[in-house]
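So you can see what is in the structure, the chains are spelled out below.
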Amino acid sequence: PSEDLLAAAARIQDVLGTSKTATQTASEIIETNGFDGLFGPAANSEGVMLPWPSLSQIVPLLRPGNLIVLAAGTGYGKSSFARQIALDVALKQFKGAFVASYEMSSEEVLVACACTHAEVNGWKIDTGFCTHFELTQLTEAVTDLKAAPLYLFDGAPTLNTLEAEIRKCAAKLATRGQALGVVIVDYLQLMDPGKRVSGETERVATVARGLKVMAARLKVPVIALSQFSRPERGKTYTGDEMMGMLKNSSEIEQAANVIIILEPVKVEFDAAIGPPKTLPYQVHVTKQRKGPKGMRSLLFDRWITRFREEPKAGSERLI
């Protein structure tokens, strides 16, 4: 197939170094990129933007070649956060989004994406309690996703085979005049490095370094989801301390260009009623090689697995 040939040709080009020499003079870099390409604002640069304006004030752009680590505890919404980025890239920024899931099948990821886009509770679909209006919303969402450049992959590949799959998708997009905007890996600790290593720590370190190299080679931002080590009961951690809790290896922290940590804010609620529909979250940017650190607050609607901006001062806040 033509897309396989294009992917193979791109791989050979990278290996042989015909697309770009490893060593360049300052003059060559300036001539290749231009002044605006090197020093222009992020909005005019290649890459993709986050779907939350407040968070974009800290991280204005997910840049090509960068490894972005998204970390949170188990069940704290990191997959939902990443899916929302993929949907925004594919549906609003009109670039390709590649999602490799090691926890869910492609069908399950697609259903979750459709529910988030339609703002429909997935549990109501599973139990058959959807209203006619919700089914109509879901039908429209599926129509949007069918036309979107969204690629879902649920294999268990090594780093090399994952890169080959991504190159195939990039080649398909190129034939339609589109570019691959973002790659999402859910999640890093479940990946196979594709070679024999000694122990879990070395395996995760190899995967982290491999994803970093892959992002640079493909010239696309790669978002890798990461688990946390289990925290001590009752202990409160700062953003920098949480960065040190990335599970299995400190190499994740070293390899990442940007680290984003999701932290749900504890709220008091009646145990008989259950937690509120919308939960407050703090989103910490604990590392950014080309930019500041910082924190922003978002609200997580757990019924439709969507993160939203906090309402502006003076508006009603529903939880």
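Conventions adopted
- Residues numbered from 1 in each chain as written.
- Predicted model: local features only at pLDDT ≥ 70, side-chain atom pairs only at ≥ 80, totals over all residues.
- Heavy atoms only, no water.
- Core = buried A, V, L, I, M, F, W, Y, C linked by side-chain atoms within 4.5 Å.
- Buried < 20%, exposed > 50% of the residue type's maximum accessible area, 1.4 Å probe, protein only.
- Helix = DSSP H or I, 4+ residues; strand = E, 2+ residues; numbered from the N terminus.
- Contact = heavy atoms within 4.5 Å.
- Phe/Tyr/Trp six-rings, centres within 6.5 Å; stacked < 30°, edge-to-face > 60°.
- Pairing = 2+ DSSP bridges.
- Axes fitted to C-alpha atoms, helices over the stretch in contact; angles between N-to-C directions.
- Parallel < 35°, antiparallel > 145°, perpendicular 65-115°, else oblique.
- Nonpolar A, V, L, I, M, F, W, Y, C, P; charged D, E, K, R; others polar.
- Left-handed = near helix turned anticlockwise from the far one by under 90°.

Things to note about the nonpolar core
Argument step 1. The biggest cluster of nonpolar side chains holds 45 residues, and the ones touching the most others in it are Phe81, Leu150 and Ile223.
Argument step 2. Broken down by element, this core gets its largest block of residues, seven residues, from helix 4 (residues 78–91).
Argument step 3. In this structure, leucine 150 is in contact with Ala86, Leu87, Ala90, Ala97, Val99, Cys113 and Leu145, ignoring residues within four places of it in sequence.
Argument step 4. One finds Ala100, Cys169, Phe228 and Ala256 within the second-largest nonpolar core, a separate group that totals 34 residues.

Description of the environment of glutamate 163
Argument step 1. Locating glutamate 163 in the fold gives a position in helix 8 (residues 159–175).
Argument step 2. Separated by 48 residues in the primary sequence, glutamate 163 and leucine 211 place their C-alpha atoms 9.2 Å from one another.

Looking at the packing of aromatic side chains
Argument step 1. Counted by the stated rule, this structure contains eight aromatic pairs.
Argument step 2. Seen in terms of ring centroids, phenylalanine 81 and phenylalanine 307 are 5.3 Å apart; in terms of plane orientation they differ by 75°. Their pairing is edge-to-face. Placement of phenylalanine 81 in helix 4 and of phenylalanine 307 in strand 9 (residues 306–309) is noted, with a sequence separation of 226 residues between them. In this structure, phenylalanine 81 and phenylalanine 307 share a single accessibility class: buried.
Argument step 3. Connected via pairs of aromatic rings, a cluster forms that spans Trp52, Phe81, Tyr281, Phe300 and Phe307.

Regarding the pairing of strand 9
Argument step 1. Of the strand pairs in this sheet, strand 8 (residues 294–301) and strand 9 are connected by four bridges, and their pairing is antiparallel. Directly across from phenylalanine 300, in strand 9, lies its bridge partner phenylalanine 307.
Argument step 2. In sequence, strand 8 turns back onto strand 9 through a hairpin of four residues, with threonine 305 there showing a positive phi of about 45°.

Some points on the environment of valine 182
Argument step 1. With respect to the helices and strands, valine 182 occurs in strand 4 (residues 180–186).
Argument step 2. What makes valine 182 buried here is its relative accessible area of 0%.
Argument step 3. Sequence separation of valine 182 and arginine 63 is 119 residues, and the distance between their C-alpha atoms is 9.3 Å.
Argument step 4. Setting aside anything within four residues of it in sequence, one finds valine 182 in contact with Val48, Val89, Gly96, Ala97, Phe98, Val220, Pro221 and Ile223.

Concerning the packing of helix 4 against helix 5 (residues 106–118)
Geometrically, a packed helix pair is captured by the angle between its two axes and the distance between the axes.
Argument step 1. Relative to each other, helix 4 and helix 5 sit at 75°, their axes nearing to 10 Å. Considering the angle they form, helix 4 stands roughly perpendicular to helix 5. Every residue of helix 5 that contacts helix 4 at Arg83, Leu87 and Leu91 is listed here: Val109, Ala112, Cys113, Thr116 and His117.
Argument step 2. Partitioned by chemical class, the residues of the contact of helix 4 with helix 5 number five nonpolar, two polar and one charged.

Re unusual backbone geometry
Argument step 1. Not every positive phi belongs to a glycine, and phenylalanine 94 is a case in point at roughly 55°.
Argument step 2. Relative to the elements of secondary structure, phenylalanine 94 occurs in the loop between helix 4 and strand 2 (96–101).
Argument step 3. Look at phenylalanine 94 and you get exposed, because its relative accessible area is 58%.
Argument step 4. Of note in the backbone geometry, glutamate 119 takes a positive phi value of approximately 60° without being a glycine.
Argument step 5. Structurally, the position occupied by glutamate 119 is in the loop between helix 5 and helix 6 (122–127).

Here we look at the sheet that holds strand 3 (residues 150–153)
Argument step 1. The mixed open sheet is built from nine strands, whose spatial order is 3-2-4-5-1-6-7-8-9. Both edges of this open sheet fall to strand 3 and strand 9, since each of them pairs with a single strand only. With strand direction ignored, the average angle separating the axes of adjacent strands in the sheet is 25°.
Argument step 2. The sheet contact formed by strand 2 and strand 4 spans six bridges and is parallel.

Describing the pairing of strand 6 (residues 258–264)
Argument step 1. The buried count for strand 6 comes to five of seven residues, which makes it a mostly enclosed element.
Argument step 2. Sheet topology note: the strand 1 (residues 67–72)/strand 6 ladder contains four bridges and is parallel. Within the sheet, the bridge partner assigned to valine 69 lies in strand 6 and is isoleucine 259.
Argument step 3. Note: strand 6 against strand 7 (residues 278–288), seven bridges, orientation antiparallel. When the bridges of strand 7 are listed, isoleucine 260 appears paired with valine 285.

Regarding the packing of helix 8 against helix 9 (residues 200–218)
Argument step 1. Between helix 8 and helix 9, the shortest axis-to-axis distance is 11 Å and the interhelical angle comes to 25°. Judged by the angle between their axes, helix 8 and helix 9 are roughly parallel. Handedness of the helix 8/helix 9 crossing: right-handed. When helix 8 is examined against helix 9, the residues Leu159, Leu162, Glu163, Ile166 and Arg167 are found in contact with a partner set consisting of Thr206, Val207, Gly210, Leu211, Met214, Arg217 and Leu218.
Argument step 2. Taken together, the residues that form the contact of helix 8 with helix 9 break down as seven nonpolar, two polar and three charged.

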